[in-house]
Amino acid sequence: MNQSEIRNSPPASILVLAANTDRWFSSPEAYAELLYLEGINDVETAYLDALTPAMLEGRSLVLLGAADPEPEVVQWLIDFAYHGGGLICCAPGEALAAALGLAPLNQGVMHGRLPVALAGFPEAGLPLKGWIQHYSGAENEDHTDTIPLHDFDGRPTGHPAVIELAEGNGVIIVLAYDPAQCVYLLRQGNPLLAGCRSSGFERMRPSDLFEGWQDERTADWPTADLHGHFLRELIHRVWPEDTVLPWLWYFPDRADTVLIFTSDDDWSTRVHFEQLIEACETYDARLTFYLVQKDSVMDRAWLEDLECRGFDFSVHPDLPPPSLSLWDRTLNDHIQQFRDAYGQPPSPSVRNHCITWSGYIEGARIEARHGFTFDTNCFSLLPQGRYYMNGAGLPMKFADLTGDVLPVYQLPTQFSDETTLGGQGFGWSLNLTPDEGVELITGLLQRNAGQTASMMCVNAHPVSFATYSAPLWTPVIQFAQAHSIPVCDVERFSRFWQARRAVRLQPVPKDTMPDFSHLNLAEQGLSVMLPAARTDAGTRMVCGRPYVMV
Ligand SMILES: [Zn+2]
């Protein structure tokens, strides 16, 4: 796109606004990440104090982060909705709530539960992290729909979590919670535990951030991903009548889900590697090997041959304490060793030996400085976390407490040999038999392939596969192949995921079939989801809404 095309292109249909404040995770970019996760990229961002009426012209939707804007701005936003625009307000302040006809009760609750009655969502409701405001909408005769707020134990609080209001030709949805805070807290853990040790194991790991944090009742659900899906569903509900918003499907080549497969070297022998590679090639699976710096059996000729066969390779830094002070230098040395040994840089993802971590997201910041774009260190580990410890399967960028979004995607890893199977004497293991593990993991694959629309990443060390975990992983990849679920390496998926983020789909007139052929989407494995007027044989249901997949 050249400069004149940029000037002539219409404004993005969605404007994301946030207050310029020190509220955690409150930046317009941090909120916008929730939309990018959903394949919605026709988005521009701004701080509220830079807003002018002209910036609202030509928009279909405004997503307003937690804020209490000045009266003039509130009037612009209400006028925008009155004339047919969609408006979503997150945790509005006292003045804004009053202007919307809601009574702010100036109280609330820390953590709660959102009962979303949609296909693909857990019956127990989605856990809400962070503070949830109480509002009274009872006297407001414009309110058309409400979802109640439940407390963490699932009891109704008597207050709403979501309120839908009619405003002239438009619709306003008020969320009593902050979806950005909620998603980052679910995914990244408790910021009060940044740099703290809670697991009892040597070396800090991401699980140290999850002491007393994971929701037991929805541990086997990707709840942070579902918060994103629910927000997209709300966007469709407030969207103006005359157009629909297309979005990009989550998985490559129209797949229902994917399984990302990885393998930490951990000084496995050549025979160990060969057994895992043979199983992968038998069932059309590929994976990313994270190679150790010292004494890996992998040599250059073998790596180049395996690369041609679809395998992916990166580094596996060993960071014993003091981990943070040595991290930068160790990673630098390891990258240099990889280049010297294999004649190429490591691929864009990284996992540390013993999944060593530091701070809150400080490790991701270091990895970013060295050019990595995907981190696979967020491993579900007992006793702090099981199954979806990070509440997520889909990759999403890390964000710090100021709302600064890092250029590194968090790709959580749900299952590994030693965290899943019994008999290895590890306190962090689920201690399952191979059959129990196969039932659990294939069950979650099936759920992800349905309306839950999420994914998983797993890890099989070559040495573990060769000695005890083949009875788990072989049936899992066999199942995936039989159900057309791609099992792929991180690099291949990362290329798809970054391509998905780079495509900006604009709203299309209702009941038309737009032509996206100029975007060459299929070449990149991308598919468009176009909201459909009715359900029929050609539509796909997501969050209970029918879509045509283009
Ligand atoms: Zn390791």
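Every value quoted in this text rests on a predicted model; they were computed, and no experiment measured them.

A. Molecular detail of the coordination of the zinc ion. On the protein side, the zinc ion has Asp266 (OD), Asp266 (OD), His316 (NE2) and His353 (ND1) as donor atoms, found 2.1 to 2.7 Å from it. Every donor residue of the zinc ion comes from the same chain, spaced as D-x49-H-x36-H. Of this pair, His316 sits in the loop between β14 (312–315) and α9 (323–342) while His353 sits in the loop between β15 (349–350) and α10 (362–369); the two residues are 37 residues apart in sequence, bridging distant segments of the chain. Classification of His316 by relative accessible area gives buried; the value is 2%.

B. Fine view of the confidence of the model for the protein. Residues of the protein with pLDDT of at least 70 account for 98%, and the chain-wide mean is 95. Segment residues 1–8 is flagged for pLDDT under 50; beyond a separation of four residues in sequence, or across chains, it makes one contact in the model.

C. Helix α3 (residues 71–82), seen in detail. End to end, α3 covers 16 Å across twelve residues, agreeing with the expected 16 Å (1.5 Å per residue, within 8%). Along α3, the residues classified as buried are Val73, Val74, Leu77, Ile78, Phe80 and Ala81. Angular distribution of buried residues about the axis of α3 spans 155°; they occupy a single face of the element. Check the buried side of α3 and you find it contacts β1 (14–18), β3 (61–64), β4 (86–90), α4 (94–99), β8 (156–167) and β9 (170–175).

D. Local environment of the sheet that holds strand β17 (residues 396–399). With mixed pairing, the four strands of this open sheet are ordered in space as β15-β16-β18-β17. In this open sheet, the two strands that pair with only one neighbour each are β15 and β17. In terms of strand pairing, β15 meets strand β16 (residues 374–375) through two bridges, oriented parallel. Each residue of the ladder has a partner; that of Val350, found in β16, is Asp375. Along the sheet face, helix α5 (residues 179–188) touches β17 and β18 (405–410) and points at about 95° away from the line of β17.

E. Focus on the packing of aromatic side chains. Counted by the stated rule, this structure contains 21 aromatic pairs. Ring plane angle 55° and centroid distance 5.4 Å describe the contact between Trp247 and Tyr250, whose orientation is recorded as tilted. The exposure class assigned to Trp247 is buried, which follows from its relative accessible area of 0%. Ring pairing ties together the aromatic residues Trp247, Trp249, Tyr250, Phe251 and Tyr547, which thus form one cluster. Across from the ring centre of Trp213, 4.0 Å away, lies the NZ or CZ of Lys129, which sits over that ring. It is Arg447 that lies over the ring of Trp221; its NZ or CZ is 3.5 Å from the centre.

Cut-offs used in this document
Residues numbered from 1 in each chain as written. Predicted model: local features only at pLDDT ≥ 70, side-chain atom pairs only at ≥ 80, totals over all residues. Heavy atoms only, no water. Donors = N, O, S within 2.8 Å, 3.2 Å for Na, K, Ca; no water. Helix = DSSP H or I, 4+ residues; strand = E, 2+ residues; numbered from the N terminus. Buried < 20%, exposed > 50% of the residue type's maximum accessible area, 1.4 Å probe, protein only. pLDDT = per-residue confidence, 0-100. Contact = heavy atoms within 4.5 Å. Expected span 1.5 Å × (residues − 1). Arc of directions from axis to C-beta. Pairing = 2+ DSSP bridges. Axes fitted to C-alpha atoms, helices over the stretch in contact; angles between N-to-C directions. Phe/Tyr/Trp six-rings, centres within 6.5 Å; stacked < 30°, edge-to-face > 60°. Lys NZ or Arg CZ within 6 Å of the ring centre and 35° of its normal.

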